[in-house]
Amino acid sequence: MPLHDVGYRPWRGRVATGSAAGVIALTGIKLAWKSRWLRRAVLFAWTPGIVFAFAFFAFEQAVEDGLLGPMRPRLRLDQAIDNIGALGTVIANALAGRPSANGPTTDELRHIVWSRLLLAFMRAPQALLLAIVVGLVAPALVSRDLRAKAWLVYFTRPVREIDYIVGKLVVLAMLVAAITMLPALALWVLGVLVSPSLQVVLTTWDLPLRIVISALTLALPTVLMALAYSSLTLESRIASFAWFATWGACWVAHGALTTADMMAAEAVDRVEASAYSTAMPLDDDLEQRSFPGRAPLRRRPPPEPLQWLRRAGGTDARPDRWAWLSPYHALGVVQAAVFGIERRPDVIIPPVLSLSVLSLVAGAVLVNRVGAPARV
Amino acid sequence: MSVPRAGDNPTPFPPLVVDGLVKRYGSRTVLDSVSLEVRQGITGLVGPNGAGKSTLVRAILGLVRLEAGRVRVFGRDPYREPHTVRQRLGVVPEDECSIPGLSGVEMVCYAARLSGLPGTEALRRAHEVLDWCDAGQERYRPVETLSVGMKQKVSFAAAIVHDPDLVILDEPTNGLDPIERRAMLGRLVTLTRRHGKTVIVSTHVLPDVESICDDIVVLSQGRVCLTGAIADLTGTGRPEYRLVADGDQEALVASLARHGLVARTADEPTGLELRVDATRPERLGAVWAAARDAATRVRQFEPVRRPLEEVFVAALREADHAAP
């Protein structure tokens, strides 16, 4: 018998109620963090921030050196600046096409550029990394408990089903925050630090709020879907496969339908152009004079490389009518709306509805499966 | 927010009352009008496989949907107040259940925290209970790598870490070696005798029940076919004591008679024994003087009882005959 064995002693302290969800969340995070792969993935998820930090720095340097004024007239929509690729396009699109004669003020420009940079950051690298990291962690969260009959550990104690579900959701929500929200907030702080004056905080105060809301928007449907898959099987591998298959299949379906739309539109263009060209040269004034009352020929811009990235960054103004079909694209539209970049209700509503339905169905499946052992 | 501990305000209600429980899985009736009352002490819940023991335990926890009947744990309904009831319950399930990745002590600490103990207190208490369960350094190994016996200890420690008033154990000695088995039964006795807990042991092992339980409930085909105090059920109907002594048995009988005790010899498979009439129990103290006078040495002196196994088998047979 150990020297320190004091035998069994009654415990007369006071017990706290309502803390079970927090305990489950903390333990879940601790257990997940034991995975070396997860630690590496989260660390890796911060690396794209370095590229975006450079963009923030470059913009603020341009402001400080007074380069924005001379540059503005040369900017065109969809044109890159200084060969910095997609980021240059983001900045160019933010600066170009302002209706005001004198152009926007520096503060307005800063808000626009920062918003687009932050959205691009949260969408293009972070949302994809998020899908991977959640796919590593979430499948085991509920399925492992079901396989190990750990539900008896919970439901023979003063733990409600909702405590259990909230605890598991918080585990994933913390991951989402670590991958999307915290780096984005860090970027905003960096932007403030490299800006000429700390008064920038006053003109961009809403961006941290938008980052948080955007991260929550991203978190809710994804973690519910991930946990619902996890609760449907005892094998976490199957849940993992279902998770990645859903993202992949929906992405492919979205891409296929969007491409089909573009091909159909090009075919129409070709027919129309051919009909016009037999009669008249393709000139807008000539067309109008020759065919009064007829709508002018719409010349669509040719497909751009990295169009998904432009769409992710909110620089692609064309409505994405199939966005509701793919969680990734639907989340992109909703996040663009959160950042104030997408304002068209007809574009926003279908993805919002689709994500709401997804969240509700996933939530219902999760509640049903978690409570199933106690409903026999 | 906090709730008072059970010990702060003892309730006048019995630990467990089950009244007319009916549970069916499809067309099969698993619990058929089960009624029983459990008093403070150790109660053995025994019965053949499929008798409905595990379902009854789940019903007590409020984890199955009942067709009829009611359960009261310290006067509370586990279906309406699961939170309050489970605060006062500790359960060792038959199935191996654990959280993979946690060590033994983390598992017990986690159970304590889920029951509402504050963080540091939960860890202190987890170590204290594991010490009592003689868990040693094994407590720092992940639970999934522990031996069956060690898992059982961790599971037991997790069940009692929050100091519950009612502890329910489903096959608690499964996988334990004889020494550990005795130690586990000893802990149950300590919990009840010294700390006033109520323990329900669901098991197949009748010697375990016989050695530690005060009461027994025998389930068969979903019905309670026998219930009561073990001392009463194993009584022979005649107040007799069994006396095993070395030396001349006839001289001892004569000496007992001189001291006013009536004894007869009984030829048992284990050897010649005496049966001492205990109609007047105040005279039994004279046995020692009679043995000394007869130059014999007393080896055993205890009330004559029927083996529990015999009682159990008889109850099951009766239930089988009574079944439609």
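Note that the structure is predicted; figures quoted are calculated from it, not measured.

Engineer: Just checking my understanding: could you explain the sheet that holds strand E8 (residues 198-202) of chain B for this structure?
Structural biologist: Adjacent strands of a sheet pair through backbone hydrogen bonds, lying either parallel or antiparallel. Residue and element names in this part refer to chain B. Here 6 strands make up an open sheet; going across it, the order is E6-E7-E8-E4-E9-E10 and the pairing mixed. Two strands bound the open sheet, and with one partner strand each, they are strand E6 (89-92) and strand E10 (223-229). Between one strand and the next, the sheet's axes are offset by a mean angle of 15°, whatever the strand orientation. As paired elements, strand E4 (residues 41-46) and E8 share 5 bridges and run parallel to each other.

Engineer: I keep staring at a nonpolar patch on the surface and nothing clicks. Help me out?
Structural biologist: A cluster of nonpolar side chains, contributed by A:Trp37, A:Ile132, A:Leu136 and A:Phe244, occupies part of the molecular surface with about 440 Å² of accessible area. Examined against the element boundaries, A:Trp37 turns out to sit in helix H2 (residues 36-45).

Engineer: Help me out: how do you make sense of the interface of chain A and chain B in this one?
Structural biologist: The extent of an interface is frequently quoted as the accessible surface area lost upon association of the parts. Contacts between the two partners involve 42 residues from chain A, matched on the other side by 52 residues from chain B. Each partner contributes to the roughly 4600 Å² buried at the junction of chain A and chain B, and carbon and sulfur atoms together form 57% of this total. At the surface where chain A touches chain B, the tally comes to 4 salt bridges. We note a salt bridge from B:Asp163 to A:Arg12, for which the minimum N-O separation is 3.8 Å.

Engineer: Just to check I follow, could you spell out the packing of helix H1 (residues 20-33) of chain A against helix H3 (residues 104-114) of chain B for this structure?
Structural biologist: Packed helices, taken two at a time, are described by the angle between their axes plus the distance between the axes. Packing of H1(A) against H3(B) brings their axes to within 9 Å, and their N-to-C directions diverge by 155°. One way to sum up the angle between H1(A) and H3(B) is to call them roughly antiparallel. Of the residues in H3(B), those touching H1(A) at A:Ala20, A:Val23, A:Ile24, A:Thr27 and A:Lys30 are B:Glu106, B:Tyr110, B:Arg113 and B:Leu114. Of the residues that constitute the contact of H1(A) with H3(B), the class distribution is 5 nonpolar, 1 polar and 3 charged.

Engineer: Just checking my understanding: could you explain helix H6 (residues 178-193) of chain B for this structure?
Structural biologist: Since one α-helical turn is 3.6 residues long, residues separated by three or four positions face the same way. All names here are of chain B. End to end, H6 covers 22 Å across 16 residues, agreeing with the expected 22 Å (1.5 Å per residue, within 8%). Taken residue by residue, H6 has Glu180, Met184, Leu185, Arg187, Leu188, Leu191 and Thr192 as its buried positions. In a view along the axis of H6, the buried residues occupy a sector of 150°, so they form one face of it. Residues of H6 that are exposed and point more than 90 degrees away from the buried face comprise Pro178, Ile179 and Arg182. Among the structural elements, E4, helix H4 (119-132), helix H5 (148-160), strand E7 (166-170), E8 and helix H7 (206-212) are those in contact with the buried residues of H6. N-capping of H6 is provided by Asp177, with a side-chain oxygen placed 3.1 Å from the backbone N of Ile179.

Cut-offs and rules
Counting restarts for each chain, with residues numbered from 1 along the sequence as it is written. Chains carry letters from A onward and ligands carry numbers from 1 onward, assigned in written order. Reporting in this predicted model follows two pLDDT cut-offs: at least 70 for local features of residues, and 80 or more for side-chain atom pairs to be given and counted; totals over whole chains, interfaces and linings ignore these cut-offs and use all residues. Hydrogens are left out, water is left out, and the side-chain values use all remaining heavy atoms of the structure. In short, DSSP must find at least two bridges between two strands for them to pair. To qualify as a helix, a DSSP run of H or I must reach at least 4 residues; to qualify as a strand, a run of E must reach at least 2; elements of each kind are numbered from the N terminus. Helix axes are fitted only over the stretch in contact, all axes being lines through C-alpha atoms; the angle between N-to-C directions runs from 0 to 180 degrees. Like-charged residues are merged into a patch within 9 Å and nonpolar side chains (Val, Leu, Ile, Met, Phe, Trp, Tyr) within 5 Å, provided each residue has over 30% relative accessible area and no salt bridge. Using a 1.4 Å probe, accessible areas were evaluated by the Shrake-Rupley method; residue-level cover was limited to the displayed protein chains. For salt bridges, the criterion is a side-chain nitrogen of Lys or Arg within 4 Å of an Asp or Glu carboxyl oxygen. Every residue pair with non-hydrogen atoms within 4.5 Å of one another is taken to be in contact. What counts as buried area is the accessible surface, traced by a 1.4 Å probe, that two parts surrender upon association, with contributions from both included. Should an angle fall under 35 degrees it is taken as roughly parallel, and over 145 as roughly antiparallel, whereas 65 to 115 is taken as roughly perpendicular and any remaining angle as oblique. In this count, Pro and Cys sit with the nonpolar residues alongside Ala, Val, Leu, Ile, Met, Phe, Trp and Tyr, while Asp, Glu, Lys and Arg are called charged and the others, Gly among them, polar. Given a helix with a known number of residues, its expected span is that number minus one, times 1.5 Å. Exposure categories follow from relative accessible area, calculated using a 1.4 Å probe and restricted to protein chains: below 20% of the type maximum is buried, above 50% is exposed, and the middle band is partly exposed. To obtain the arc, one takes the directions from the helix axis to the C-beta atoms. Polar contacts, as counted here, are pairs of nitrogen or oxygen atoms within 3.5 Å of one another; within protein the pair requires one atom able to donate a hydrogen and one able to accept it, and residues that are adjacent in sequence qualify only if both atoms are side-chain atoms.

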